[in-house]
Amino acid sequence: MSRSSDASSSFDRPRSVVKKVLAKPQREGEGAVVRRSIGRMELRSLDPFLLLDEFSVSAPAGFPDHPHRGFETVTYMLDGTFTHQDFSGHKGTIRTGDVQWMTAGRGIIHSEMPAGEGVQKGLQLWINLSSKDKMIEPRYQELQREDISRVERDGIGVRIIAGESMGVRSPVYTRTPTMFLDFSLKPGAQLHQDIPESWNSFVYIIEGEGVFGTPSSTPATAHHTLVLGPGDGLSVWNRSGKPLRFVLIGGQPLNQPVVQYGPFVMNTQAEIDQTIEDYHKCRNGFENANFWKSQP
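Residues numbered from 1 in each chain as written. Predicted model: local features only at pLDDT ≥ 70, side-chain atom pairs only at ≥ 80, totals over all residues. Heavy atoms only, no water.

Draft legend 1. Here's a closer look at the UniProt feature "domain: Pirin C-terminal" (unreviewed entry) in the chain. In the numbering used here, UniProt assigns the feature "domain: Pirin C-terminal" (unreviewed entry) to residues 181–285. From the first C-alpha to the last, residues 181–285 spans 32 Å; its make-up is 12% helix and 46% strand. (UniProt positions renumbered as here; feature names shortened; annotations may be inferred. Helix = DSSP H or I, 4+ residues; strand = E, 2+ residues; numbered from the N terminus.)

Draft legend 2. Region of the structure containing the pattern of salt bridges. Counted under the stated rule, the structure contains 14 salt bridges. Across the pair Glu28 and Arg36 runs a salt bridge whose closest N-O atoms are separated by 3.4 Å. Its salt-bridge partner being Glu277, residue Arg283 comes within 2.3 Å of it at the nearest N-O pair. The exposure class assigned to Arg283 is partly exposed, which follows from its relative accessible area of 31%. Within this structure, Arg69, Glu277, Asp278, Lys281 and Arg283 form a network of salt bridges that share partners. (Salt bridge = Lys/Arg side-chain N within 4 Å of Asp/Glu carboxyl O. Buried < 20%, exposed > 50% of the residue type's maximum accessible area, 1.4 Å probe, protein only.)

Draft legend 3. Structural view of the side chain of His110. Along the polypeptide, His110 turns up in strand S10 (residues 108–114). On the basis of relative accessibility, which here comes to 0%, the residue His110 falls in the buried class. At 3.2 Å, the side chain of His110 forms a polar contact with the side chain of His68. Not counting the four nearest positions on each side in its chain, His110 is found in contact with Pro64, Asp65, His66, His68, His84, Gln85, Asp86, Met102 and Trp292. (Polar contact = N/O pair within 3.5 Å; in protein donor to acceptor, adjacent residues only side chain to side chain. Contact = heavy atoms within 4.5 Å.)

Draft legend 4. Looking closely at the nonpolar core. If you look at the biggest cluster of nonpolar residues, it comprises 27 residues, and the most contacted ones within it are Leu125, Phe180 and Phe202. For this core, the secondary-structure elements that each account for two or more residues are strand S4 (49–57), strand S6 (71–79), strand S9 (99–103), strand S11 (120–128), strand S14 (156–162), strand S19 (200–207) and strand S24 (244–251). If sequence neighbours within four positions are ignored, Phe202 has contacts with Ile38, Leu46, Phe49, Leu52, Leu125, Thr225, Leu226, Val227, Leu228, Val247, Leu248 and Ile249. (Core = buried A, V, L, I, M, F, W, Y, C linked by side-chain atoms within 4.5 Å.)

Draft legend 5. The UniProt feature "domain: Pirin N-terminal" (unreviewed entry) in the chain, seen in detail. The feature "domain: Pirin N-terminal" (unreviewed entry), as annotated in UniProt, sits at residues 34–127 in this numbering. What you have in residues 34–127 is 0% helix and 62% strand, and the ends, taken at the C-alpha atoms, are 18 Å apart.

Draft legend 6. Representation of helix H1 (residues 269–281). The end-to-end C-alpha distance of H1 is 18 Å, a good match for the 18 Å that 13 residues give at a rise of 1.5 Å each. Regarding H1, the residues found buried are Ile272, Thr275 and Asp278. Projection of H1 onto a plane perpendicular to its axis shows the buried side chains occupying an angular sector of 120 degrees, all on one side. Relative to its buried face, H1 has exposed residues pointing more than 90 degrees away, namely Ala270, His280 and Lys281. Close packing links the buried residues of H1 with strand S25 (259–261) and strand S26 (264–266). (Expected span 1.5 Å × (residues − 1). Arc of directions from axis to C-beta.)

Structure, rendered in structure tokens:
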């Protein structure tokens, strides 16, 4: 939960920033541009997280038909509209403030394409699955903006996508235990947010400038991922004259081997080889690949 924003709030073991990575633009999909932080050479992964992209996409660019196996994708729209369809007949559209939490499990082929005018912006996070969950049936949790709890207090606003803050818990089921909180701090506000001690965690700054971890830390700005060290909570100060917005994401490490081949993430090379064979032969979760193409 989140503690009071009172200055007396403190942690037994406050978390500090141990690594700072600038998310630099790169091309993905067809004509799309993403700012990748987790998944770059500087930060290959942060167990259980495999990738974090901030995407900015205008039609006709996008992410046409592509497969996944062995993990979850969380797509959070910051501005605009995206339409999703997969080879099992699932279709959906997410708009500003909406979330799609997709468990790819044993296999999904899907497309993700912009559905509005102009630039569509959002975040996509990849969360690894435990070896026991990698071959489960795919599933979705879709939350519209109005379904996501928002709490405001002392110059702080938080949208609770997963986990708990300010005494409010999200209904999202996280197969790999995860917190995903979208914070906005007005100038002068300060935040103290609990984080389970055993979890890895990081911040991604969407806009503005803030001081994270300790009062003497160097301010960090938009498009930076801040990896947090061990501890039981994070403190943040907005000492600038403009609003600060960031997501705080944390998860319980799986402590299992990770073997990744593009959109397939398993525990061994043999499982990756089997996945590639399953995909090309349209079997063991990819049966519908023989007959399906997304509709324009």
